[in-house]
Amino acid sequence: MTGRESVAPAPHETPAPPEAQRQPAAPSLSKKAAGLGLGARYALGLGGLGLLLAVWWLGTEVLAPVGGMARRFAPGPTFVSLGELLSGADLPHHILVSLRRIAVGLGLALAIGVPLGLAIGSWRRLEAAASPAMQFLRMISPLSWMPIAVMVFGVGDDPVYFLLAFAAVWPIVLNTAAGVQQLDPRWLQLAQSVAATRWETLRSVILPGVMGHILTGVRLAIGILWIVLVPCEMLGVSAGMGYFILDTRDRLAYSELMAMVLMIGVLGFLLDAGARALYRYWRGQ
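Model, not experiment: these values are computed from the prediction.

Colleague: When you look at the overall build of the protein in this model, what are you seeing that I'm missing?
Modeller: When you go through the protein residue by residue, the secondary structure sums to twelve helices and zero strands. Across the protein, helices and strands are ordered from the amino to the carboxyl terminus as α-α-α-α-α-α-α-α-α-α-α-α. Relative to its 285 residues, the protein shows a buried fraction of 37%. When contacts within the protein are restricted to residue pairs at least 6 apart in sequence, those whose partners lie at least 24 apart make up 73%. Entry remark: accessible area of the protein is about 16,300 Å², with carbon and sulfur atoms responsible for 68%.

Here it is as structure tokens:
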């Protein structure tokens, strides 16, 4: 946009631009928890993980009967198998295939969800018309579409991409629409006053103003994708973490199965941490 300096209202009347005025995120912790030092937080987090490990060890080695099935999933054999799998070539290959599917599914969800959310947030009539259908569709479990996806797209990656995109699109649509509706109307009026085109308004006002909401939707979508991914990879594909779990079950390699479950948790934690870091970076915290 041009001429902003000549027509912009006085500083005391003008809100900060969306690029600069990113409203601080609502605190996710109580004030008491937020007052903890970084070292204390890490110590408490490690303590929680240690407690979880202790419960796992007690349930599979101490309390489990000798010769019972639970002992096959104990931490000792699991960590040994995990080290062996990480040093080989099979597990990294399956992880990369799964991450690629996550990226494609999330990319499709963004390509569909962001424009749809912008449109729904901009036009009240469209929101009224689309809201019941969206609420109906998003309440259908993505896994219930598995047989239909296989019949329509065949066996392979295509049905997996469809199911992942279907699962991830709804939080992106809803958060994007909410972001548009919460935009400061004075900035839209300012864009009109300087004769900004629709593209300039979208690029300089709307998208920066709703980016925080989009990133929130992305974080929620990643969590949903990670839950849906493993059962989706049991649709006849030949690689991926879900496929690897079925393979270890068929081979009765229980320690490797538990190692894969552990790796899924670690990777999911890292993906969520990355999404949170990206959100904090955008909010300027």
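There is more to say after this.
Colleague: Can you help me understand the side chain of Thr 176 in this one?
Modeller: Along the chain, the position of Thr 176 falls in helix 8 (residues 157–181). In this structure the side chain of Thr 176 is engaged in a polar contact, spanning 2.7 Å, whose partner is the backbone oxygen of Ile 172. Excluding its chain neighbours within four sequence positions, the residues that come into contact with Thr 176 are Val 114, Gly 117, Leu 118, Val 210 and Ile 214.

Colleague: How do you make sense of the nonpolar core when you look at a structure like this?
Modeller: Here is a general trend for soluble globular proteins: nonpolar side chains tend to be buried in one another's company. In this structure, Leu 106, Val 210, Trp 226, Met 241, Met 260 and Ile 264 are the most contacted members of the largest nonpolar core, which totals 51 residues. Those elements that place two or more of their residues in this core are helix 4 (75–87), helix 5 (90–122), helix 6 (124–138), helix 7 (146–153), helix 8, helix 10 (198–232), helix 11 (241–250) and helix 12 (254–283). Look past the residues within four positions of Met 241 in its chain and what remains in contact with it is His 94, Ile 95, Ser 98, Trp 226, Leu 229, Glu 233, Met 260, Ile 264 and Leu 267.

Colleague: Help me understand the packing of aromatic side chains in this model?
Modeller: By the definition in use, this model includes six aromatic pairs. Seen from their ring centres, Phe 166 and Trp 170 are 5.7 Å apart, and the 90 degrees between their planes marks the pair as edge-to-face. Of the two residues, Phe 166 and Trp 170 both sit in helix 8, four residues apart, roughly one turn of that helix. Of the two residues, Phe 166 and Trp 170, both sit in the buried class. These aromatic residues form a ring-pair network of at least three members: Trp 145, Phe 153, Phe 162, Phe 166 and Trp 170.

Colleague: What is the right way to look at the packing of helix 5 against helix 10 in this model?
Modeller: To describe two helices that pack against each other, one gives the angle between their axes and the distance between the axes. Two numbers describe how helix 5 lies on helix 10: the axes approach to 9 Å, and their chain directions differ by 140 degrees. Considering the angle they form, helix 5 stands oblique to helix 10. By crossing handedness, the relation of helix 5 to helix 10 is classed as right-handed. Contacts from Ser 98, Leu 99, Arg 101, Ile 102, Leu 106, Leu 110, Val 114 and Leu 118 in helix 5 reach Leu 202, Ile 206, Leu 207, Val 210, Ile 214, Val 218, Ala 221, Ile 222, Leu 225, Trp 226 and Leu 229 in helix 10.

Colleague: I tried to follow the packing of helix 3 (residues 38–62) against helix 4 on my own but got confused; where do I start?
Modeller: Between helix 3 and helix 4, the least distance of the axes is 9 Å, while the angle of their chain directions is 115 degrees. When the axes of helix 3 and helix 4 are compared, the pair comes out roughly perpendicular. For the pair helix 3 and helix 4, contact is made by Leu 53, Trp 56, Trp 57, Thr 60 and Glu 61 and by Pro 75, Gly 76, Thr 78 and Phe 79, respectively. Its residues assigned to classes, the contact of helix 3 with helix 4 comprises five nonpolar, three polar and one charged.

Colleague: Got a minute to help me understand the pattern of salt bridges in this structure?
Modeller: Any two side chains of opposite charge can pair, on the condition that their charged atoms come close. Under the counting rule described, the total for this entry stands at nine salt bridges. With a closest N to O distance of 2.8 Å, Arg 101 and Asp 157 form a salt bridge. One end of the pair, Arg 101, is in helix 5; the other, Asp 157, is in helix 8, with 56 residues separating them in the sequence. On the accessibility criterion, Asp 157 (23% relative accessible area) is partly exposed. With its nearest N and O atoms 2.8 Å apart, the salt bridge here joins Glu 233 to Arg 101. Of this pair, Glu 233 sits in the loop between helix 10 and helix 11 while Arg 101 sits in helix 5, and the two are 132 residues apart along the sequence. The class of Glu 233 is buried, set by a relative accessible area of 1%. Taken together, the salt bridges that share partners define one network made up of Arg 100, Arg 101, Asp 157 and Glu 233.

Colleague: What exactly am I supposed to notice about a nonpolar patch on the surface here?
Modeller: Residues Trp 57, Leu 58, Val 62 and Leu 63 make up a contiguous nonpolar surface patch of about 400 Å² in total accessible area. Mapped onto the fold, Val 62 is located in helix 3.

Colleague: Help me understand helix 6 in this model?
Modeller: An α-helical segment advances 3.6 residues per turn. Residues three or four places apart therefore align on the same side. With 15 residues, helix 6 extends 20 Å between its outermost C-alpha atoms, agreeing within 8% with the 21 Å of an ideal straight helix rising 1.5 Å per residue. A bend of about 40 degrees at Ala 130 is the largest found in helix 6, and the proline Pro 132 appears one to four places after it.

What counts as what
Residues numbered from 1 in each chain as written. Predicted model: local features only at pLDDT ≥ 70, side-chain atom pairs only at ≥ 80, totals over all residues. Heavy atoms only, no water. Helix = DSSP H or I, 4+ residues; strand = E, 2+ residues; numbered from the N terminus. Buried < 20%, exposed > 50% of the residue type's maximum accessible area, 1.4 Å probe, protein only. Contact = heavy atoms within 4.5 Å. Areas by Shrake-Rupley, 256 points an atom, 1.4 Å probe, with all protein chains shown as cover. Polar contact = N/O pair within 3.5 Å; in protein donor to acceptor, adjacent residues only side chain to side chain. Core = buried A, V, L, I, M, F, W, Y, C linked by side-chain atoms within 4.5 Å. Phe/Tyr/Trp six-rings, centres within 6.5 Å; stacked < 30°, edge-to-face > 60°. Axes fitted to C-alpha atoms, helices over the stretch in contact; angles between N-to-C directions. Parallel < 35°, antiparallel > 145°, perpendicular 65-115°, else oblique. Left-handed = near helix turned anticlockwise from the far one by under 90°. Nonpolar A, V, L, I, M, F, W, Y, C, P; charged D, E, K, R; others polar. Salt bridge = Lys/Arg side-chain N within 4 Å of Asp/Glu carboxyl O. Patch = residues over 30% accessible without salt bridge, like charges linked within 9 Å, V, L, I, M, F, W, Y side chains within 5 Å. Expected span 1.5 Å × (residues − 1). Bend = angle between axes of the 7 residues up to and from the residue.

Take it as geometry only, folks, not as evidence of what the structure does.
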